[in-house]
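Each chain, written out:
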Amino acid sequence: MAIDKKGNLSQFAADYVRQEILQGRFKHKEKIVEQELAEKLGMSRGPVREALKILMHEGFVEYEANKGCTVTLLSPKEAYEIFFLRGSLEKIALELCDGHLLKDCIFLMEEALEGMICEDELGEMPRLVSCDELFHKQILKSGQMERLIKLWESMSPMNGAMFLTARNSRNNSAMNELLKEKYAVNGPTSTYEIHKELLEVIKMGDLEKSKQALDNHYQATGERIYRIGMKLENKELFFS
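Residues numbered from 1 in each chain as written. Predicted model: local features only at pLDDT ≥ 70, side-chain atom pairs only at ≥ 80, totals over all residues. Heavy atoms only, no water.

Draft legend 1. Quick look at the overall build of the chain. For the chain, the helix and strand inventory stands at eleven helices and three strands. Along its sequence from the N terminus, the chain presents helices and strands in the succession α-β-α-α-β-β-α-α-α-α-α-α-α-α. Going through the 240 residues of the chain one by one, you find that 47% of them count as buried. Taking the intrachain contacts of the chain between residues at least 6 apart in sequence as the baseline, contacts between residues at least 24 apart amount to 70%. Summed over all atoms, the accessible surface of the chain reaches about 13200 Å², with 51% contributed by carbon and sulfur. (Helix = DSSP H or I, 4+ residues; strand = E, 2+ residues; numbered from the N terminus. Buried < 20%, exposed > 50% of the residue type's maximum accessible area, 1.4 Å probe, protein only. Contact = heavy atoms within 4.5 Å. Areas by Shrake-Rupley, 256 points an atom, 1.4 Å probe, with all protein chains shown as cover.)

What follows is the structure in structure tokens.
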């Protein structure tokens with residue numbers, strides 16, 4: 001990545017660290033040292049400090065007094081709430097357009113799917129996050145309500161952290177097998193397959209089936225993350 005001298009240094013630093021986290025080069029619980037990062041990026045510690053604040057808001061890092069910043073995941077409860085809220089807003093948009101998305105929006109969703117095929121194979125997490133954002137935003141645009149779109153976009157900064165948390169839950173193979181057996185959590189697993197299945201339902205134009213598909217898309221993932229997280233933390237499950 002090259003720094004645009006006219007651009008915002010803190011945003012550049014945030015973009016750099018975010019990409020490193022999504023690509024797995026900064027690991028979960030790894031400490032991020034301000035001075036080391038500043039020297040690597042050729043800037044002072046001020047912009048780096050501001051960048052870490054941005055990433056804290058997005059759910060990528062957490063700060064602890066006397067310890068500094070470390071890479072983190074969303075808590076099971078946080079992840080479930082974001083999945084639930086995003087899905088709820090998208091269902092409202094579907095109701096506003098009576099389940100019939102705009103033709104231009106369908107085209108862009110198909111374009112996003114094409115991007116997901118390549119990125120699933122390459123494992124390019126930042127690009128997958130962008131494709132997911134493009135895909136789901138078309139549902140909101142079809143509702144043609146600006147305030148609804150802005151409300152949905154207010155959660156967009158946490159989309160990358162959601163992907164990271166979801167990937168972490170999928171990678172826990174032993175726990176996933178337990179959940180499949182006990183809770184029948186199953187279905188397509190790649191980002192492309194999951195979204196292709198969702199789009200096929202939405203394109204039919206049946207409002208209730210589309211809303212149910214969105215529930216399955218968001219809540220199934222959110223509940224899986226919650227259950228895995230609670231099991232790993234040895235806590236009582238909220239979903240019973």
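Draft legend 2. Main features of unusual backbone geometry. Despite not being glycine, asparagine 66 shows a phi value in the positive range, around 70 degrees. Tracing the backbone shows asparagine 66 in the loop between β2 (61–64) and β3 (68–71). The phi dihedral of glutamine 144 falls on the positive side, at around 50 degrees, and the residue is not glycine. Here glutamine 144 shows up in the loop between α6 (125–143) and α7 (146–153).

Draft legend 3. Inspection of the packing of helix α4 (residues 76–96) against α7 at higher detail. In the contact formed by α4 and α7, the axes pass within 10 Å of each other and the chain directions differ by 160 degrees. Between α4 and α7, the interaxial angle falls into the category roughly antiparallel. Considering the relative orientation of α4 and α7, their crossing is left-handed. Across from Arg86, Leu89, Glu90, Ile92, Ala93 and Leu96 in α4, the residues of α7 making contact are Leu148, Leu151 and Trp152. (Axes fitted to C-alpha atoms, helices over the stretch in contact; angles between N-to-C directions. Parallel < 35°, antiparallel > 145°, perpendicular 65-115°, else oblique. Left-handed = near helix turned anticlockwise from the far one by under 90°.)

Draft legend 4. Focus on empty space enclosed by the protein. Applying the stated criterion across every chain, the model contains one cavity of 30 Å³ or more. Taken as a whole, the largest cavity encloses approximately 230 Å³ of empty space. Of all the elements in the fold, those that place two or more residues in the lining of the largest cavity are α4, α6, α8 (159–171), α10 (191–202) and α11 (207–232). Grouping the constituent residues of the lining of the largest cavity by class yields six nonpolar, six polar and four charged. (1 Å grid on protein atoms, 1.4 Å probe; cavity = no way out; pocket = protein on both sides within 12 Å on 5 of 7 lines; lining within 4 Å. Points joined across faces, edges and corners; volume = space filled by probe spheres on them. Nonpolar A, V, L, I, M, F, W, Y, C, P; charged D, E, K, R; others polar.)

Draft legend 5. Quick look at the pairing of β2. In the sheet, β2 pairs with β3 via four bridges, with the strands oriented antiparallel. From the neighbouring strand, glutamate 62 faces β3, where its bridge partner is threonine 70. Taking the residues that link successive antiparallel strands as the turn, the β2-β3 hairpin has three residues, and the phi of asparagine 66 there is positive, at about 70 degrees. (Pairing = 2+ DSSP bridges.)

Draft legend 6. Quick peek at the pattern of salt bridges. The tally for this structure, following the rule as stated, stands at 16 salt bridges. Each of Asp15, Arg18 and Glu58 takes part in one network of salt bridges that share partners. (Salt bridge = Lys/Arg side-chain N within 4 Å of Asp/Glu carboxyl O.)

Draft legend 7. Spotlight on the side chain of histidine 195. Looking at the secondary structure, you find histidine 195 in helix α10. Here aspartate 132 takes part through its side chain, which lies 2.8 Å from a polar atom of the side chain of histidine 195. (Polar contact = N/O pair within 3.5 Å; in protein donor to acceptor, adjacent residues only side chain to side chain.)

Draft legend 8. Just a nonpolar patch on the surface, in detail. A grouping of Ile92, Leu96 and Met145 is seen on the molecular surface, where their side chains present a nonpolar patch of about 240 Å² in accessible area. Among the structural elements, methionine 145 can be located in the loop between α6 and α7. (Patch = residues over 30% accessible without salt bridge, like charges linked within 9 Å, V, L, I, M, F, W, Y side chains within 5 Å.)

Draft legend 9. Seen up close, the sheet that holds β3. Read across the open sheet, the three strands follow the order β1-β3-β2; overall the sheet is antiparallel. Since the sheet does not close on itself, it has two edges, and those belong to β1 (31–32) and β2, each with one partner. Inspection of the sheet shows β1 paired to β3 by two bridges, in the antiparallel sense. Bridge pairing in β3 links isoleucine 32 to cysteine 69. Running over the sheet, helix α3 (residues 45–58) touches β1, β2 and β3 and is turned about 110 degrees from β2.

Draft legend 10. Quick look at the packing of α6 against α10. At a minimum axis distance of 12 Å, the contact between α6 and α10 shows a crossing angle of 10 degrees. As summarised for this structure, α6 and α10 are arranged roughly parallel, according to the angle between their axes. Judged by residue contacts, Leu128, Asp132, Phe135, His136 and Ile139 of α6 engage Thr191, His195, Leu198, Leu199 and Ile202 from α10. Looking at the contact of α6 with α10 residue by residue, the class counts come to six nonpolar, three polar and one charged.

Draft legend 11. Representation of helix α2 (residues 34–41) within the structure. Along α2, the residues classified as buried are Glu34, Leu37, Ala38 and Leu41. Down the axis, α2 shows its buried residues gathered within 100 degrees of arc, on one side only. Opposite the buried face of α2, by more than 90 degrees, sit the exposed residues Glu36, Glu39 and Lys40. Close packing links the buried residues of α2 with α1 (9–22), β1 and α3. (Arc of directions from axis to C-beta.)

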